[in-house]
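Breakdown of the fold
So the chains spell out like this:
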Amino acid sequence: MRKVNLQEVTEEERKSPKEKYRKFVKDISIALGRDKKSLDLAKRHPFDLAMVRIPKGKTYCPYHSHGAESELYLVVSGRGSVRDRNGFTEVGAGDAFFFGPGEAHQLANAGEEDFVYYVIADNPRGDSCYYPDSGKWAVPVEGTHEDIVKGQVADYYEGEE
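The following refers to the structure shown. Note that this is a predicted model, so its numbers are computed, not measured. (Residues numbered from 1 in each chain as written. Predicted model: local features only at pLDDT ≥ 70, side-chain atom pairs only at ≥ 80, totals over all residues. Heavy atoms only, no water.)

**Regarding the layout of surface pockets**
Taken as a whole, the largest pocket encloses approximately 1500 Å³ of empty space. In terms of lining residues, the largest pocket is bounded by 49 residues, among which Asp-48, His-66, Glu-69, Asp-127 and Glu-146 are the most central. Listed by contribution, the elements that provide at least two residues to the lining of the largest pocket are strand S2 (22–27), strand S3 (47–54), strand S5 (71–77), strand S9 (106–109), strand S10 (115–122), strand S11 (129–131), strand S12 (136–141) and strand S13 (145–150). Counted by class, the lining of the largest pocket contains 21 nonpolar, twelve polar and 16 charged residues. (1 Å grid on protein atoms, 1.4 Å probe; cavity = no way out; pocket = protein on both sides within 12 Å on 5 of 7 lines; lining within 4 Å. Points joined across faces, edges and corners; volume = space filled by probe spheres on them. Helix = DSSP H or I, 4+ residues; strand = E, 2+ residues; numbered from the N terminus. Nonpolar A, V, L, I, M, F, W, Y, C, P; charged D, E, K, R; others polar.)

Here it is as structure tokens:
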């Protein structure tokens, strides 16, 4: 058995250059030995667990959907605003919600105190991410590397024959 106490898990700050997107993350699965660069599922773990804290007035990341990944959320404290294809829904302590592949979503702090939640995600190999607001894609390239690309709709055989 591997065991960690959340008090011992390092909290990492992640933010965008202009700080519109800002969060603090405790990567619990990594603290339990997950090797996120490994393609071996025994080392990669079949799911990932993180505790996320979003400060007042901030958003986790741009509106996006995953091509293969599913995510389950459980709110610990604070109030959040969750955006999906139907608009915005307010969530609070004790609320749980789920996004499957292809379901665009975005989480933001909607209150005066930090918005704190757990997220459990499966770890499909080769997951891509689509950003509907900007028309960008995050695509896997060469193993665990990922590129952000902006494209346009094209015919399947364009440039191939």
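**Looking at the pairing of S12**
For S11 and S12, the ladder comprises three bridges, and the chain directions are antiparallel. Opposite Tyr-130, over in S12, you have Trp-137 as the bridge partner. Hairpin connection from S11 to S12: four residues lie between these consecutive antiparallel strands, with Gly-135 at a positive phi of about 70 degrees. Where S12 lies against S13, six bridges are found, and the strand directions are antiparallel. Bridging from a neighbouring strand, Val-139 pairs with Asp-147 of S13. (Pairing = 2+ DSSP bridges.)

**Section: the nonpolar core**
Tyr-73, Phe-97, Leu-107, Phe-115 and Tyr-117 are the most contacted members of the largest nonpolar core, which totals 14 residues. For this core, the elements supplying multiple residues, two or more each, are S3, S5, strand S8 (96–99) and S10. Aside from chain neighbours lying at most four places away, what touches Tyr-117 is Ala-50, Met-51, Val-52, Ile-54, Tyr-60, Tyr-73, Leu-74, Val-75, Val-76 and Leu-107. (Core = buried A, V, L, I, M, F, W, Y, C linked by side-chain atoms within 4.5 Å. Buried < 20%, exposed > 50% of the residue type's maximum accessible area, 1.4 Å probe, protein only. Contact = heavy atoms within 4.5 Å.)

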